[in-house]
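# Examining the three-dimensional arrangement
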Amino acid sequence: MGMAEIFKVLSDEQRREILTMLREGRMNAGEIAERLNITPAALSYHLKMLKKADVVMEYKQKNHIYYELNTTVFDEMVIWMKQFGGKRDEDEK
C-alpha cells in the first residue's frame, strides 16, 4: 500500500485512537471495542482498514486474536517524510 493510502487510513480519528491504544501493547478486539465504546462491527471495519494498510498486525493466541502495531511501517513513513525537511544553508545561520 502506498503512502497516500496509508495517510487516508490514518485520517480517521477512531483509527488513530486505536493506534494510540496499541502503543501500550497488544490488545484483543473486545478490549479495544470496550475502551472506544463502539460496536464490534464498527471495530471490525476499522481493524480491517488498519490491517490492509499494514499498520496493525494480528496474532492468534488460544481463543483470542490480538492486535499490535507494525512499527516498521511508521519507521518507513518517517524516513519518507524526512525527505521534505529541507537542508539549511550554512550562510543563513
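Scroll up a little and you will see the structure.
Now for a description of the structure that goes with this document.

Quick notes on the rules
- Residues numbered from 1 in each chain as written.
- Predicted model: local features only at pLDDT ≥ 70, side-chain atom pairs only at ≥ 80, totals over all residues.
- Heavy atoms only, no water.
- Helix = DSSP H or I, 4+ residues; strand = E, 2+ residues; numbered from the N terminus.
- Buried < 20%, exposed > 50% of the residue type's maximum accessible area, 1.4 Å probe, protein only.
- Contact = heavy atoms within 4.5 Å.
- Core = buried A, V, L, I, M, F, W, Y, C linked by side-chain atoms within 4.5 Å.
- Pairing = 2+ DSSP bridges.

One can find Leu43 in helix α4 (residues 40-52). When its relative accessible area of 2% is taken as the criterion, Leu43 is described as buried. Taking the C-alpha atoms as reference, Leu43 lies 9.0 Å from Arg15; in sequence the two are 28 residues apart. Discounting residues that sit within four places of it in the chain, Leu43 has contacts with Ile18, Ala29, Ile32, Ala33 and Ile38.

Before going further, it helps to examine the nonpolar core. Counting 23 residues, the largest nonpolar core has Ile18, Leu22, Ile32 and Val55 as the members making the most contacts within it. Within the residue set of this core, elements represented by two or more residues are α1 (3-10), α2 (13-22), α3 (29-36), α4, β3 (64-69) and α5 (71-82). Non-local contacts of Ile32, meaning those with residues more than four positions away in its chain, are made with Ile18, Met21, Leu22, Met27, Leu43, Leu47 and Tyr67.

The strand order across the open sheet formed by three strands is β1-β3-β2, and the pairing between neighbours is antiparallel. For this open sheet the edge positions go to β1 (27-28) and β2 (56-61), each flanked by a neighbour on one side alone. Judged from the six bridges that link them, β2 and β3 form a sheet pairing that is antiparallel. Residue pairing across strands places Val56 opposite Leu69, the latter belonging to β3.

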